[in-house]
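These are the residues of each chain, in order.
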Amino acid sequence: MHRNRQSYFSEVQKCIVHQIRNTMRYVTWRDRRPLARDLKTIYQAPTREAGWNALLALEEKWGDKYHLSIKSWKDNWETLSTFFQYPEELRRLVYTTNPIESVNRQLRKITKNKGVFPTDNSLLKMAYLAIINITKKWTVRTLDWSRILTQPVIKYERLAKYIS
């Protein structure tokens with residue numbers, strides 16, 4: 001039985017980067033830079049309300065020309081704006097799902113060649129070893145990582161036992 005992500009997670013975040021790409025599909029080359037600048041005012045706003053107001057301003061400026069693009073932002077606002085509940089440092093990490101998708105793609109690449117796993121434990125071992133290899137390639141340092149790491153612990157105290 002397929003279930004909606006919402007039934008598993010209390011908060012669902014749509015990828016801002018994918019939303020921007022979707023928006024730009026309908027925009028002429030000449031308008032891309034100015035529109036992208038105006039889109040930044042939405043997802044870099046300090047609060048959800050400020051982001052919504054920036055979206056309304058964007059609609060006022062570009063709505064006649066790019067109605068579908070603006071409509072997409074408005075239709076998806078509930079899940080696009082989830083990240084506003086987090087501190088600014090953490091928002092920089094969660095506004096895109098690309099890193100998560102990358103890990104999932106690499107795990108699929110490793111498990112797709114193996115048709116059947118003899119036990120659940122063998123699958124877990126394979127996934128564990130794959131994640132160890134995947135994380136070895138993570139060399140980019142994240143600015144203020146120690147400060148960012150404390151934010152989920154503050155919001156979700158149950159995570160404290162896993163981060164030490």
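1. Describing the layout of surface pockets
Volume-wise, the second largest pocket comes out at about 230 Å³. Forming the boundary of the second largest pocket are Y43, Q44, A45, P46, F83, E88, R91, R92 and Y95. Ranked by residues supplied to the lining of the second largest pocket, first place goes to helix α7 (residues 88–94) with three residues. Tallied by class, residues from the lining of the second largest pocket come to five nonpolar, one polar and three charged.

2. Looking at the nonpolar core
Core analysis: the largest hydrophobic core is formed by 24 residues, its most contacted members being L39, I42, L58 and W73. Residues in contact with L39, not counting those within four places in the same chain, are I20, T23, M24, L58 and W73.

3. Quick look at the pattern of salt bridges
Any two side chains of opposite charge can pair, so long as their charged atoms come close to each other. Applying the stated rule across the entire model yields five salt bridges. One salt bridge in this structure joins K65 and D31, with 2.6 Å as the shortest N-O distance. Here the residue K65 occupies a position in the loop between α4 (48–62) and α5 (67–75), and D31 occupies one in helix α3 (residues 29–43), the gap between them amounting to 34 residues. A relative accessible area of 47% places K65 in the partly exposed class. A salt bridge links E59 to K74; its shortest N-O distance comes to 3.0 Å. Pair noted here: E59 is in helix α4 and K74 is in helix α5, with a separation of 15 residues, a long-range link.

4. Notes on the packing of α4 against α5
Any two packed helices are characterised by the angle at which their axes cross and by the distance between the axes. Running from amino to carboxyl end, α4 crosses α5 at an angle of 165 degrees, the nearest separation of the two axes being 10 Å. It follows from the interaxial angle that α4 and α5 lie roughly antiparallel. When the axes of α4 and α5 are compared, the crossing they make is left-handed. For the pair formed by α4 and α5, the contact residues are W52, L55, L56, L58, E59 and W62 on the first element and H67, I70, W73 and K74 on the second. Its residues placed into classes, the contact of α4 with α5 shows seven nonpolar, one polar and two charged.

5. Things to note about a nonpolar patch on the surface
A cluster of nonpolar side chains, namely Y128, L129 and I132, defines an oily patch on the protein surface of about 310 Å² accessible area. Mapped onto the elements of the fold, L129 is located in helix α9 (residues 120–136).

6. Some words on the environment of Y66
With respect to the helices and strands, the residue Y66 is situated in the loop between α4 and α5. A relative accessible area of 5% places Y66 in the buried class. Residues Y66 and Y26, spaced 40 residues apart in sequence, show a C-alpha to C-alpha distance of 7.1 Å. The contact partners of Y66, leaving out residues within four places of it in the chain, are Y26, V27, T28 and D31. Polar side-chain contacts of Y66 include one of 2.5 Å to the side chain of D31.

Thresholds applied
- Residues numbered from 1 in each chain as written.
- Predicted model: local features only at pLDDT ≥ 70, side-chain atom pairs only at ≥ 80, totals over all residues.
- Heavy atoms only, no water.
- 1 Å grid on protein atoms, 1.4 Å probe; cavity = no way out; pocket = protein on both sides within 12 Å on 5 of 7 lines; lining within 4 Å.
- Points joined across faces, edges and corners; volume = space filled by probe spheres on them.
- Helix = DSSP H or I, 4+ residues; strand = E, 2+ residues; numbered from the N terminus.
- Nonpolar A, V, L, I, M, F, W, Y, C, P; charged D, E, K, R; others polar.
- Core = buried A, V, L, I, M, F, W, Y, C linked by side-chain atoms within 4.5 Å.
- Buried < 20%, exposed > 50% of the residue type's maximum accessible area, 1.4 Å probe, protein only.
- Contact = heavy atoms within 4.5 Å.
- Salt bridge = Lys/Arg side-chain N within 4 Å of Asp/Glu carboxyl O.
- Axes fitted to C-alpha atoms, helices over the stretch in contact; angles between N-to-C directions.
- Parallel < 35°, antiparallel > 145°, perpendicular 65-115°, else oblique.
- Left-handed = near helix turned anticlockwise from the far one by under 90°.
- Patch = residues over 30% accessible without salt bridge, like charges linked within 9 Å, V, L, I, M, F, W, Y side chains within 5 Å.
- Areas by Shrake-Rupley, 256 points an atom, 1.4 Å probe, with all protein chains shown as cover.
- Polar contact = N/O pair within 3.5 Å; in protein donor to acceptor, adjacent residues only side chain to side chain.

Any link to function would need more than the numbers given here.
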